[in-house]
Each structure stands twice: as structure tokens, then as C-alpha cells.
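# Remarks on the overall topology
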Amino acid sequence: MKKIKIAASLLAADFSQLEKEVKMVERAGAELLHLDIMDGHFVKNISFGPGVLKALRRRTKLVFDTHLMIKNPKNYLAEFAKSGSDIITFHIETTKNPKELIKSIRKLGCSPGISLNPRTSLSRIKPFLKDVDLILIMSVNPGLGGQKFIPSSLTKLRELKSIIRKKNLSVDLEVDGGINRKTAKKAVSAGANILVAGTYIFHSRNPQKKIKELRCSGSKKRGN
Ligand code: DX5
Ligand code: ZN
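Under an unreviewed UniProt entry, the name given to the chain is Ribulose-phosphate 3-epimerase, and the organism recorded is bacterium. The Pathway (unreviewed entry) comment attached to the chain in UniProt states, word for word, "Carbohydrate degradation." As stated in UniProt under Catalytic activity (unreviewed entry), the record for the chain gives "D-ribulose 5-phosphate = D-xylulose 5-phosphate".

## Some details on the coordination of the zinc ion (ligand 2)
Ideal geometry at a metal centre: 109.5 degrees between donors when four sit tetrahedrally, and 90 or 180 degrees when six sit octahedrally. Listed as protein donors to the zinc ion (ligand 2) are His 34 (NE2), Asp 36 (OD), His 67 (ND1) and Asp 176 (OD); their distances from the metal cover 2.0 to 2.3 Å. Around the zinc ion (ligand 2) sit six donor atoms, and with donor-metal-donor angles ranging over 70 to 168° the site reads as octahedral. Written as a sequence motif, the donor arrangement for the zinc ion (ligand 2) is H-x1-D-x30-H-x108-D. For His 34, a relative accessible area of 0% gives the class buried. Judged by its relative accessible area of 5%, Asp 36 is buried.

## Some thoughts on the UniProt feature "active site" (unreviewed entry) in the chain
Per the UniProt record, the feature "active site" (unreviewed entry) sits at Asp 36 and Asp 176. These annotated residues cover 141 residues of sequence, but their C-alpha atoms sit close together, with the largest distance between any two at 10.5 Å. Here Asp 36 shows up in strand S2 (residues 32–38). The contacts of Asp 36, once residues within four sequence positions are left out, are Ser 9, Leu 11, Ser 47, Phe 48, His 67, Met 69 and Asp 176. Here Asp 176 lies in strand S7 (residues 172–176). For Asp 176, a relative accessible area of 8% translates into the label buried. Sequence-distant contacts of Asp 176, defined by excluding residues within four places in its chain, comprise His 34, Asp 36, His 67, Leu 136, Ile 137, Met 138, Ser 139, Val 140 and Val 196. Among the polar contacts made by the side chain of Asp 176, one reaches the side chain of His 34 at a distance of 3.1 Å.

## Focus: the site of ligand 1
Looking at ligand 1, there are 20 residues lining it, with Asp 36, Gly 143, Asp 176, Gly 198 and Thr 199 nearest. Take Gly 178: an N or O atom from its main chain is 2.8 Å from an oxygen atom of ligand 1. In isolation ligand 1 exposes 380 Å². Once the protein is present, 98% of that is buried. Elements represented by at least two residues in the shell around ligand 1 include exactly S2, strand S3 (63–69) and strand S8 (194–197). Tallying contributions element by element places S2 first for the shell around ligand 1, with three residues. Grouping the constituent residues of the shell around ligand 1 by class yields eight nonpolar, 10 polar and two charged.

## Concerning the UniProt feature "binding site: a divalent metal cation" (unreviewed entry) in the chain
Under the UniProt annotation, "binding site: a divalent metal cation" (unreviewed entry) lies at His 34, Asp 36, His 67 and Asp 176. In sequence the annotated residues extend across 143 residues, while in space they remain close, none of their C-alpha pairs exceeding 10.5 Å. What His 34 contacts, discounting residues up to four positions off in sequence, is Ala 7, Ala 8, Ser 9, Leu 10, Asp 65, His 67, Leu 136, Glu 174, Asp 176 and Val 196. For His 34, the side chain forms a polar contact with the side chain of His 67, separated by 3.3 Å. Structurally, the position occupied by His 67 is in strand S3. Residues within four places of His 67 in sequence aside, it is in contact with His 34, Leu 35, Asp 36, Ile 37, Thr 89, His 91, Ser 115, Leu 136, Met 138 and Asp 176.

## Thoughts on helix H6 (residues 181–190)
Those residues of H6 not exposed but buried are Thr 183, Ala 184, Ala 187, Val 188 and Ala 190. All buried residues of H6 fall inside an arc of 160° around its axis, so they share one side. Away from its buried face, by an angle of more than 90 degrees, H6 presents the exposed residues Arg 181 and Lys 182. Elements that come into contact with the buried residues of H6 comprise helix H5 (152–167), S7, S8 and helix H8 (207–216).

## Things to note about the sheet that holds S3
Two pairing modes exist for strands in a sheet, parallel and antiparallel, and in both the strands are linked by backbone hydrogen bonds. With respect to topology, eight strands assemble into a closed barrel ordered S1-S2-S3-S4-S5-S6-S7-S8, the strand pairing being parallel. Each strand of the sheet is rotated relative to its neighbour by a mean of 25°, with strand direction disregarded. Two elements, strand S6 (residues 134–138) and S7, share five bridges in a ladder whose sense is parallel. Bridge pairing in S7 links Ile 135 to Leu 173. Strands in contact with helix H2 (residues 50–57) are S2 and S3; relative to S3, the strand with the most contacts, it is inclined by about 175°. Lying on the sheet, H5 is in contact with strand S5 (111–116), S6 and S7; it crosses S6 at an angle near 160°.

Here is what the cut-offs are and how they apply
- Residues numbered from 1 in each chain as written.
- Chains lettered and ligands numbered in written order.
- Predicted model: local features only at pLDDT ≥ 70, side-chain atom pairs only at ≥ 80, totals over all residues.
- Heavy atoms only, no water.
- UniProt positions renumbered as here; feature names shortened; annotations may be inferred.
- Donors = N, O, S within 2.8 Å, 3.2 Å for Na, K, Ca; no water.
- Tetrahedral: all angles 85-135°; square planar, octahedral: opposite > 155°, others 65-115°.
- Buried < 20%, exposed > 50% of the residue type's maximum accessible area, 1.4 Å probe, protein only.
- Helix = DSSP H or I, 4+ residues; strand = E, 2+ residues; numbered from the N terminus.
- Contact = heavy atoms within 4.5 Å.
- Polar contact = N/O pair within 3.5 Å; in protein donor to acceptor, adjacent residues only side chain to side chain.
- Near = heavy atom within 4 Å.
- Areas by Shrake-Rupley, 256 points an atom, 1.4 Å probe, with all protein chains shown as cover.
- Nonpolar A, V, L, I, M, F, W, Y, C, P; charged D, E, K, R; others polar.
- Arc of directions from axis to C-beta.
- Pairing = 2+ DSSP bridges.
- Axes fitted to C-alpha atoms, helices over the stretch in contact; angles between N-to-C directions.

Quick look at the structure:
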């Protein structure tokens, strides 16, 4: 079984204190910093861009987990790689040629990931499972932090996990949106091994405890 990793989503941080917030979650035990890039086209919201990653890259050793919620990912891969991304995940809904994007991301020295919206069928990403390092299952509709976990994402996680097991692949299963102690437990028992959490960590008085709670939700065998 893969170790459970925690990806703290910067979207929920205090933007006036970014360096402090990032160092705080690093000290608190997160392994990844989840960076939600929104362009106002693929999703309504606009978040931040490569300049923010570049500035933070010098201040932390956290793995940069870049989640592109943008209409033309192809045009921005090089910039996000150059700004310090370790993982670059694009949405399957944004491209007709996922293989080309996956190849480019690898060529840029990053790990490729694919994401899909709650309403997008798993069949869209199945052909690429052996080509990517990570699948990001959206458990809310992308665009905003602080939403409620959509339970049908558990079915997707279970199905994916079983395919991954059968094919003996080593792809990571990441779940994103509405993650708290309860939903983390469900997601982990359905097969997720990377948990993205924004609100739950950053809006807490004790982020270290919250991160520990999320991680421990994985160590319990059962959890419904
Ligand atoms: C939503 C983003 C998420 C979001 C998660 O579009 O992809 O990463 O920041 O936030 P919480 O944990 O608050 O649901
Ligand atoms: Zn995200």
C-alpha cells in the first residue's frame, strides 16, 4: 500500500502572508503544496500564476503539485515547469491530444497528471493510465475552495484503484475538494493515496493536528 501524502492547497491560504503560510504547512507535515491555477475561462475564478510559484520556490522544499484549471494548458506548460512545478496536472476536458501534453510535461522534467471533473466519465482517462504518474479525481466542481465533497467520486476512486491494481501500475490517486477528516477516510478506503486539503488545513487553528488527522484517516483499515 502506498503511503498517504497530504497536499495543502494554497488557495485557502492568507494571500497576504504566502511565505509564512507555506512554511507553516511544511513544518506541520504536508508533503506537497497544491497550486490551483485558474484562468477565468475553464473555470469562472482567477487565482494566481507562475510568478507566485517562482517566488515561493526559493522558500520551501515542498513538492509543487500544480493543478492547471486552464483552457489552453499546452501554452503554459513550459512556464509552469520553469517556475518550479514538480507535478503538472491538466484537465482531460481541455484537450483533444492528452498524449502530446503528457509527453511535453515529461520532456520538461516534471511528472504528468490528468484530472477529471465530477461529471466527466472515467472512460476518458482510462487509455492514459499507463502514461501518467498521477490521476487527480475532482470531488467538487473545480473553481472554488470550501465546497462540499461529492460522494460519487468515491465510486470513481474505487474503479480506478481496481484497474490500477489489476494492471499493476504505480500511478498515484489524488483526490481534491471537500476533504476533511470524514471524507478523507472514505477517499482513502476507496483507494486515494494523496489528499488535497485547503480549507481544512489553512482555516484551522491547529494545522499540524489537521494534517495528522488526515494522514491517520488512512491508517485505519475501514471507514465508511
Ligand atoms: C478546487 C480546487 C481545490 C480546492 C480545494 O477547484 O481544485 O484544490 O482548493 O479546497 P478545499 O479543500 O477547501 O475543498
Ligand atoms: Zn486543485
